[in-house]
Every structure is written in C-alpha cells, then in structure tokens.
Amino acid sequence: MNQIVADAAAAAAARKNADQPPVLVYDQVRKLYGDFVALQGVSLQVHKGEVMCLIGPSGSGKSTLLRCTNALETIDGGQVLVDGVPLPKRESEVRQVRRRMGMVFQSFELFPHKSALDNVAMGPITVLGMREDEARKRAQALLEKVGLGSKAGNFPANLSGGQQQRVAIARALAMEPEVMLFDEPTSALDPETVGEVLSVMQKLAQEGMTMIVVTHEMGFARRVADWVVVFESGAIIEQGPPSQIFDNPTVERTRDFLGHLGWHG
Ligand SMILES: Nc1ncnc2c1ncn2[C@@H]1O[C@H](COP(=O)(O)OP(=O)(O)OP(=O)(O)O)[C@@H](O)[C@H]1O
C-alpha cells in the first residue's frame, strides 16, 4: 500500500461511528437529465452524527445528489440506501423516508401568509398529527433554539433573509429528522446575515446531528465538516477529512478548484 492510500484508509477508519452501519449509502449512483449525465458512479457513505460537506464547481452535481437523497429526484442507476434499505419508489413510502430527512433550501420556501411560529408548527400538526398546543410549544422552543424566540409572530416578509432561513431550519427540526440536508443555505443571503445561519448550523453539528451540506462556504466546511467530498462534472474527485482537502489535497483538480476561490489553506 502506498502512503496516500494508507493515509486515506486511516482517515476513513477514523470517521465518526465508522464501526456502525452507515445511515446513508450511495452506491454507484447515476442521474441523467435527458442525455446529460448529472451524476456518474457516485459512491459515498454517511455515518451517524457526521457533518459531510459537498463542495465543487457550479453545476458539478452537488445539489442533484442531495435531491436524490430524499427522492426529490429519481436516480437512473445504482442505489441510495437509508439505514440499509433502498429508497422506495412508491410515493406513499417515499413520504415516510422523506419525513426522516429535514431539508433546507437556498430559497427558504416559507409560507408567506403564516407567522414564523405557524410555519414551524404546521408540519407537526398536519403531518405528525400532533395536538396544536403541543406543536406550538415545540415550535416556540425551536424558534428560541435558532435565536428567534421574540420573532414568533412575525410573517416572513418582516424577517431578514438570515432570520427566514433560521425559521426554515426550525421548521425542518420540528419534524425531528434523523438527517438534515442543506442545499446552499446561505447562497441567497446578504453577507451580513450569513454568519447567523452558519452558527445555528454549527450548533446543530455540535449537538450530533447528521448533516449533509452543499456549500460554497469553504471556511464553514473547513471548520465544521467531519468529511468533505469534492465534486467535478458529476463525479467525486476526492474525499477526506477537512485537514486533507483544505490543507493538503491529494488531487490536483481539488487544488485548482480551491485556488480559484482564493483558498490558500
Ligand atoms: N432539472 C434539471 N434539468 C436539466 N438539467 C439539470 C436539472 N437540474 C440540474 N441540472 C443540471 O445538472 C448539473 C448539476 O446541477 P447541480 O444543481 O446538481 O449542480 P451543483 O453542483 O449543485 O451546482 P451549484 O453549485 O451551482 O448549485 C448542472 O449542469 C445542471 O444544469
């Protein structure tokens, strides 16, 4: 075994909960949009409590992989396993799986005519069948967790982008997901509100939430990720702990990508 392979094997063995079965397995996942190959042969594992950041150039397939995780997109080859079970095809079963994964989008997607509290309480009431008073109590606690306890009555239009995104995170958490999927959660935000969203995410990570984060925030990935995956043209070109990817990438194209972003370790 050469040194690079030995280092990679040691890093993989050191992953969080590597001794337990992974929560998510992507096995040779392939995704087409017409003739266009968006994902080709993507194989990856996510362990419980792990924060995995997906990075890479625009259009490299990061969001597509995230959307294949909760069956917002169907796959054209390979498989995605959740707790060892392939993603189902039937819509009713897909909904069951989706419920276990909270998703946060770039564009918040809050209901504009509902208060922050109602946005968060709605899922537990309508999907989980929780009593309204209990759901509202849960929603208030979650708004406090994301630093918005005093804004519960505000409508989305009266919240900043960063605050709306924190409501969206609280809304996802209200369903008590096993995994949180973040699709470029700060890309649509004014720079001054990016930090407040990232610190909520960092707190979640510290609490042990399993997270997959598509991000262009390299500082966040370096600081918070346990495992970083670099995409290019629908394929993984390198994966490893942040110290490897950001300080000592083994693949020239990772170095090029980070160099273009002005990242110098
Ligand atoms: N619904 C769709 N129909 C056709 N092509 C699509 C569709 N969704 C994505 N694509 C294409 O698939 C490729 C991968 O897109 P994807 O959004 O996964 O990239 P990404 O790495 O997340 O990029 P970014 O960082 O810009 O969000 C892109 O070339 C994109 O144009």
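Everything below is about the structure shown above.
All values reported here derive from a predicted model rather than from experimental measurement.

Q: Mind showing me how you'd approach empty space enclosed by the protein here?
A: Unoccupied space between atoms shows up once a probe the size of one water molecule is rolled over them. Scanning the entire structure with this criterion turns up 1 cavity of 30 Å³ or more. Counted as a void, the largest cavity has a volume near 30 Å³. As for the largest cavity, its lining consists of V23, L24, V82, D83, R100, M101, E178 and V179. Considering only residue class, the lining of the largest cavity consists of 5 nonpolar, no polar and 3 charged.

Q: Whenever I open this one, the site of the ligand confuses me. Can you help?
A: Among the 13 residues in the neighbourhood of the ligand, the closest are listed as S58, G59, K62, T64 and E184. In this structure, S60 approaches the ligand through a main-chain N or O atom, which is 2.9 Å from an oxygen atom. Here H216 contributes a side-chain N or O atom positioned 2.9 Å from an oxygen atom of the ligand. When isolated, the ligand has an accessible area of 630 Å², and the protein chains bury 61% of it.

Q: Mind showing me how you'd approach helix α7 (residues 191-206) here?
A: Every α-helical turn comprises 3.6 residues, leaving residues that sit three or four positions apart pointing alike. Taking 1.5 Å as the rise per residue, α7 with 16 residues should run 22 Å; its terminal C-alpha atoms sit 23 Å apart, in good agreement. Along α7, the residues that are buried comprise T193, V194, V197, L198, V200, M201, L204 and A205. Taken around the axis of α7, the buried residues stretch over an arc of 155 degrees, which confines them to a single face. Pointing more than 90 degrees away from the buried face of α7 are the exposed residues E192 and Q206. For α7, the secondary structure elements touched by its buried residues are β3 (51-55), α5 (132-145), α6 (161-173), β7 (179-183), β8 (210-214) and α8 (218-224). Once α7 ends, the next one or two residues include G208, with phi positive near 100 degrees.

Q: Mind showing me how you'd approach the nonpolar core here?
A: Nonpolar side chains tend toward joint burial in soluble globular proteins. In this structure, I55, L143, I169, M180, F182, M201 and M211 are the most contacted members of the largest nonpolar core, which totals 51 residues. The element that contributes the greatest number of residues to this core is α7, accounting for 7 residues. Discounting chain neighbours no more than four positions away, the residues touching M211 are E50, V51, M52, M180, F182, M201, L204 and A205. M52, V82, V97 and F231 belong to the second-largest nonpolar core, a separate cluster that totals 28 residues.

Q: I tried to follow the packing of aromatic side chains on my own but got confused; where do I start?
A: The geometry of two aromatic rings is summed up by the distance between their centres and the angle between their planes. Taken as a whole and judged by the stated rule, the model has 1 aromatic pair. Between the NZ or CZ atom of R15 and the centre of the ring of W227, over which it lies, the distance is 4.1 Å.

Q: So what exactly am I meant to see when it comes to the sheet that holds strand β10 (residues 235-240) here?
A: The 6 strands lie next to each other as β6-β7-β8-β3-β9-β10, forming an open sheet whose pairing is mixed. Each edge of the open sheet carries a strand with a single partner, namely β6 (101-104) and β10. Pairs of neighbouring strands in the sheet enclose a mean axial angle of 15 degrees, with direction left out of account. Relative to β10, strand β9 (residues 227-232) runs antiparallel, the two being bridged by 5 bridges.

Q: Looking at this structure, how should I read the pattern of salt bridges?
A: Where charged atoms from two side chains of opposite charge come close, those side chains can pair. Under the criterion given, the structure shown has 17 salt bridges. Taking the shortest distance from any N to any O, the salt bridge between K31 and E73 comes out at 3.5 Å. On the criterion of sequence distance, the pair formed by K31 in strand β1 (residues 24-33) and E73 in the loop between α2 (62-69) and β4 (77-82) is long-range, its members being 42 residues apart. E73 gets classed as buried once you look at its relative accessible area, which sits at 17%. Two residues, E73 and R67, come together in a salt bridge whose shortest N-O distance is 3.4 Å.

Thresholds, definitions, all that
Think of each chain on its own: its residues are numbered from 1, step by step along the sequence as written. For a predicted model such as this one, the threshold for reporting local features is a pLDDT of at least 70, and the threshold for listing and counting side-chain atom pairs is 80 or more; totals across whole chains, interfaces and linings nevertheless cover every residue. Processing note: side-chain calculations cover all non-hydrogen atoms of the structure and skip hydrogens and water entirely. A pocket, in this scheme, is an open set of points on a 1 Å grid over the protein atoms alone with protein on both sides within 12 Å along at least 5 of 7 lines, while a cavity is a set where a 1.4 Å probe fits but cannot get out; residues line either one if an atom lies within 4 Å of a point. Grid points are joined across faces, edges and corners, and a volume is the space filled by probe spheres set on the points. Nonpolar residues are Ala, Val, Leu, Ile, Met, Phe, Trp, Tyr, Cys and Pro. Charged residues are Asp, Glu, Lys and Arg, and all others, Gly as well, are polar. Working definition: residue near molecule or strand if any one of its non-hydrogen atoms lies within 4 Å of it. Two N or O atoms form a polar contact when they lie within 3.5 Å of each other; inside protein one atom must be a possible hydrogen donor and the other a possible acceptor, and for residues adjacent in sequence the pair counts only when both atoms belong to side chains. Surface accessibility follows the Shrake-Rupley procedure with a 1.4 Å probe radius. Residue values consider only the protein chains on display as shielding. In this description a helix means any DSSP run of H or I spanning at least four residues, a strand means any run of E spanning at least two, and both kinds are numbered starting from the N terminus. To estimate the expected span of a helix, count its residues, drop one, and scale the result by 1.5 Å. Partly exposed describes any residue whose relative accessible area lies between the buried limit of under 20% and the exposed limit of over 50%, with all areas from a 1.4 Å probe on protein chains only and scaled to the type maximum. In this description, one arc is meant: the one made by directions from the helix axis to the C-beta atoms. We call two residues contacting when some pair of their heavy atoms lies within 4.5 Å. Throughout this description, the term nonpolar core refers to a set of buried Ala, Val, Leu, Ile, Met, Phe, Trp, Tyr and Cys residues connected via side-chain atoms within 4.5 Å. Pairing of aromatic rings covers Phe, Tyr and the six-membered ring of Trp, with a centre-to-centre limit of 6.5 Å; geometry is then stacked below 30 degrees between planes, edge-to-face above 60, and tilted otherwise. Two conditions define a charge located above a ring, namely a distance within 6 Å from the ring centre to NZ of Lys or CZ of Arg, and an angle within 35 degrees of the ring normal. A pair of strands is considered paired only if DSSP assigns at least 2 bridges between the two. As a rule, the C-alpha atoms of each element are fitted with a line to give its axis, helices using only the stretch in contact, and angles between N-to-C directions run from 0 to 180 degrees. The rule for a salt bridge is simple: a side-chain nitrogen of Lys or Arg has to be within 4 Å of a carboxyl oxygen of Asp or Glu.

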